[in-house]
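Residues per chain, in single letters:
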Amino acid sequence: MNILMHSYTYRGYSLERAFRKAREFGYDGIELSTVHFDFFNLEEEIKRLDNMQRKYELPIIAADFPANFITSDESLRESVEILRQAIPLLKKLGVRILNGSVGPLAGKEPSDFSQGGSAIATGEHYERAIKGLKELVSILEQNDLLLTLEIHMNTLHDTASSAKRIINEVNSPFVLANLDLGNMYATPHAEEPIKAIEILGNVLGYIHLKNCRKIGDRYDYTWALEDGDIDYFRPLSFIYEKGYNGDICIEYCGLGDPTPRAKKDILYLKDILSELKGGQK
C-alpha cells in the first residue's frame, strides 16, 4: 500500500515544490494533477515529468485526466481518442492509475451539489459514460493501467451507488472506483462512509483522503485530515478489514500554505495504519 500526495495540494506552486515536499515528508509517490501538466500535449511533457520523478526518486503513480463522455456523441468520441493516445504515453512514464471522471454534470446552482450529478442524471448520461469507458478497456488492458472514477460532486458518479452502476456495466477489472469521502460529505444524496464502502465492495480500486467541516450551509476544506468532521479511523478500519491493499492519496484542497497540512496528514494516516496493523480498534 503506497501513500501518495496529490500534486493538487500544491496548486499555485511549481510541480517541483510538490515533489520536493512529498519526498521530504515521506510520501511514496505522486498523483499528478492537470494543474501541473498539459494532458493534451503529453508527448512534449513526458521528458519534463520523467526528469522530475528521477530527480526526486519519487514515482508518478497516478495521473488525472480530463474527459467528457456525457454531453454529446462528439465530445465522447474526442475524449475516447485523446485517452487512447495518452494511455501508452502515461504507461511509459510509469503511471499505474488514471484518475478522473466521465465529465461534469452540475445543476442550475453549481455550488449546490444536491442539484447536480446523479440527482439530475438521465439514462442517456449513463449510456454515453458506459459506452466511452467500454471503448477504453482494451487499451487499458494492453497497458496494464487502471482507470478510476473519482466519486466527486457534480459528476455522474457522485455516489457509491452511481459509480458502481457504471462500473458494473463496463464490467472490467481495469475500471474501478476511487472513494473520496471528503467529496461525498458535501454531496447531500451521497451515502455515509461505511455504507459507501459496503456498496463498492470489490470495485474499490483507489482512495482519496481529504477532510472538511460543514459551517452553516457551506463546506470548508481548510482542515487537516485529523481536524475535520470526518472521523477517518472508522472507515479506514472497515476498509482494512475488507482486505483493501491498494494505494491511498492525500489531497489537501483548502486555503493557506499547504505545507503544514501535507506534513501533518501523512503522519496521521501512518498512525492509523500502524494501529490497524497492530490489531487495535
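One can find the structure itself at the top, above this paragraph.
The structure presented is a predicted model; accordingly, all values stated were derived computationally and were not measured. (Residues numbered from 1 in each chain as written. Predicted model: local features only at pLDDT ≥ 70, side-chain atom pairs only at ≥ 80, totals over all residues. Heavy atoms only, no water.)

Counting buried residues along strand S7 (residues 204–209), six of its six residues qualify, which places the element largely inside the surrounding structure. In this structure, strand S6 (residues 175–180) lies alongside S7, joined through four bridges in parallel fashion. From the neighbouring strand, Asp180 faces S7, where its bridge partner is His208. Sheet topology note: the S7/strand S10 (residues 248–250) ladder contains three bridges and is parallel. Counted as the bridge partner of Leu209 is Ile250 from S10. (Buried < 20%, exposed > 50% of the residue type's maximum accessible area, 1.4 Å probe, protein only. Helix = DSSP H or I, 4+ residues; strand = E, 2+ residues; numbered from the N terminus. Pairing = 2+ DSSP bridges.)

This part takes up helix H7 (residues 193–200). Of all the residues in H7, the buried ones are Ala196, Ile197, Ile199 and Leu200. Taken around the axis of H7, the buried residues stretch over an arc of 160 degrees, which confines them to a single face. Against helix H5 (160–170), S6, helix H6 (181–185), S7 and helix H8 (233–241) lie the buried residues of H7. (Arc of directions from axis to C-beta. Contact = heavy atoms within 4.5 Å.)

Looking at the element boundaries, Leu147 is found in strand S5 (residues 146–150). Note on Leu147: relative accessible area 0%, which makes it buried. For the pair formed by Leu147 and Val175, sequence separation is 28 residues and the distance between their alpha carbons is 4.9 Å. Other than its neighbours up to four places away in sequence, Leu147 contacts Phe65, Leu98, Leu133, Leu136, Leu140, Phe174, Val175 and Leu176.

What follows covers the packing of H5 against H7. Remark: H5 packs on H7, axes separated minimally by 9 Å, with the N-to-C direction vectors making an angle of 10 degrees. When the interaxial angle is binned, H5 and H7 end up roughly parallel. Seen from H5, the contacting residues are Ala160, Ser161 and Lys164; seen from H7, they are Ala196, Ile199 and Leu200. Residues belonging to the contact of H5 with H7 are distributed by class as follows: four nonpolar, one polar and one charged. (Axes fitted to C-alpha atoms, helices over the stretch in contact; angles between N-to-C directions. Parallel < 35°, antiparallel > 145°, perpendicular 65-115°, else oblique. Nonpolar A, V, L, I, M, F, W, Y, C, P; charged D, E, K, R; others polar.)

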